Amino acid sequence: MNITEFAQIAGVSKSAVSRYFNDGYLSDSKRKQIEDAVEKTGYSPSIKAHNVCKRITRLVGVIIPKLSSESCAREVEGISRVLNEEGYQLLLVNSSNNYQKEVEYLELFRNNRVDGVIFLGTIFTPLHDAILKKMRVPVVIVGQEYKGFCCVCHDDFKAAYAITELMIKRGGKNPGFIGVTENDKAAGLARKEGFLEALSDYNIEIRKNNMLTADFTMDSGYEKAEILLKKRNRPDFIFCATDNIGAGAVIFAHNHGITVPEEVMIAGIGDSHLCKVTSSSLTSVHFHYETAGEEAAHMLLLSLKKENIIPKTLTLDYEIVERESTKRM
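Residues numbered from 1 in each chain as written. Predicted model: local features only at pLDDT ≥ 70, side-chain atom pairs only at ≥ 80, totals over all residues. Heavy atoms only, no water.

## Focus: the nonpolar core
Here is the rule: In plain words, nonpolar cores are sets of buried Ala, Val, Leu, Ile, Met, Phe, Trp, Tyr and Cys residues tied together by side-chain atoms within 4.5 Å. Burial status follows relative accessibility: with a 1.4 Å probe on protein chains alone, a residue under 20% of its type maximum counts as buried, one over 50% as exposed, and anything between as partly exposed. Helix numbers and strand numbers start at the N terminus; a helix is a DSSP run of H or I with at least 4 residues, a strand a run of E with at least 2. We call two residues in contact whenever any of their non-hydrogen atoms come within 4.5 Å of each other.
If you look at the biggest cluster of nonpolar residues, it comprises 23 residues, and the most contacted ones within it are V60, V62, L83, I118, L120 and V140. The set of elements that each furnish at least two residues to this core consists of β1 (59-64), α5 (70-85), β3 (116-120), β4 (139-142), β5 (150-154) and α12 (289-305). Broken down by element, the residue count for this core peaks at seven residues, all from α12. Beyond its immediate chain neighbours, meaning those up to four positions away, V60 contacts L83, Y88, Q89, L90, L91, G116, V117, I118 and L300. By size, the runner-up hydrophobic cluster in this structure holds 22 residues, among which are I178, I238, V250 and I266.

## Overview of helix α9 (residues 185-201)
Defined as follows: The span expected for a helix works out to 1.5 Å for each residue beyond the first. Counting of polar contacts relies on pairs of N or O atoms within 3.5 Å, with two restrictions inside protein: one atom must be capable of donating a hydrogen and the other of accepting it, and residues adjacent in sequence are counted only when both atoms are side-chain atoms.
Here α9 is 17 residues long and its end C-alpha atoms lie 22 Å apart, about the 24 Å a rise of 1.5 Å per residue gives. Those residues of α9 lying buried are A186, A187, G188, A190, R191, G194, F195, A198 and L199. The elements touched by buried residues of α9 are α8 (156-169), β6 (175-179), β7 (211-213), β8 (237-240) and β10 (284-287). The N-cap of α9, judged by a side-chain oxygen 3.1 Å from the amide nitrogen of A186 a few residues on, is D184.

## Points about the layout of surface pockets
Heads up, the condition is: Grid spacing is 1 Å over the protein atoms alone, the probe is 1.4 Å, and a cavity is where that probe fits but cannot get out, while a pocket is an open set with protein on both sides within 12 Å along at least five of seven lines and lining residues have an atom within 4 Å of a point. Grid points are joined across faces, edges and corners, and a volume is the space filled by probe spheres set on the points.
The computed volume of the largest pocket comes to approximately 830 Å³. S69, S71, C72, F216 and T242 are, among the 36 residues lining the largest pocket, the residues nearest its centre. Elements with a contribution of two residues or more to the lining of the largest pocket: α5, α9 and α11 (243-255). Counting residues per element, the lining of the largest pocket draws most heavily on α5, which supplies five residues.

## Quick word on the sheet that holds strand β9 (residues 265-267)
So the rule is basically this: Two strands make a pair as long as DSSP finds a minimum of two bridges between them. The axes are straight lines fitted to the C-alpha atoms, using for helices just the contacting stretch, and the angles between their N-to-C directions are given from 0 to 180°.
Spatial ordering of the open sheet is given by β7-β6-β8-β9, a layout of four strands whose pairing is parallel. Of all the strands in the sheet, just β7 and β9 have a single pairing partner and so form its edges. Across the sheet, the mean angle separating the axes of adjacent strands is 15° when strand polarity is ignored. Inspection of the sheet shows β6 paired to β8 by four bridges, in the parallel sense.

That's the geometry; what it means functionally is another story.
In structure tokens:
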């Protein structure tokens, strides 16, 4: 779709479309018409047209939520491998899970000379929505599905279902759940829904007070496990939304003489190195993080080489890695 065709759909002039994407003055009504048309069509200006008036830098901005995250490190490794082979360098910025910082970095990359952006997303706010619609360069999102953009995701729902089903088949009857904020649609909402779907399919009910929300940390997993495992009718299996939470739960059980997996099975998601160093090695889901980074980089390169890219979402598969924490005799 070219600018003339898009302007007709939006019901405005080509100059109005140009002013919109270059932050020129527009009336509120015309801006709303263009925003609605962008939402409907996924249109973004021709990268080639932009390149006429800007210097190609061979730089790609990468926004990550946490420097210490193993999954982020593996994704960046994949991104770097592909882009370096094509002669691109990375400008890596860390938001420290500060969503305002993410918006600031998107604005920074929008106004400075990068050829594209790869955004490892977690939570999207109206501020994210507003700035993403104004981006002058292609953006690929990793870890979340976001309408109108190319995305690379993991199958969080099915992964949570599968690992819950594993513990049920190992004899689990009284479930516990330690999740994360549902504002994170992948790690929070999709994993919770997968867990609950598995329970429903096996006609297992869960007490509301056995469903807790933690931070993305081992300490928080430890604290929430204490709440669950000090109950008189404590769970005999616990699904944890992340490996950090799962490791904290295993440590609490070990420190308080609760045997894993005989008395309680525990599983996480991420297949991090942490899984192998807990007192009872942690069963987890292996997501292909490096592959996600590689695929995101390939998507970005394709967007840079072609004028019009139809936004698509690639959902990667997963593998269950069973270790001691669920292997009942």
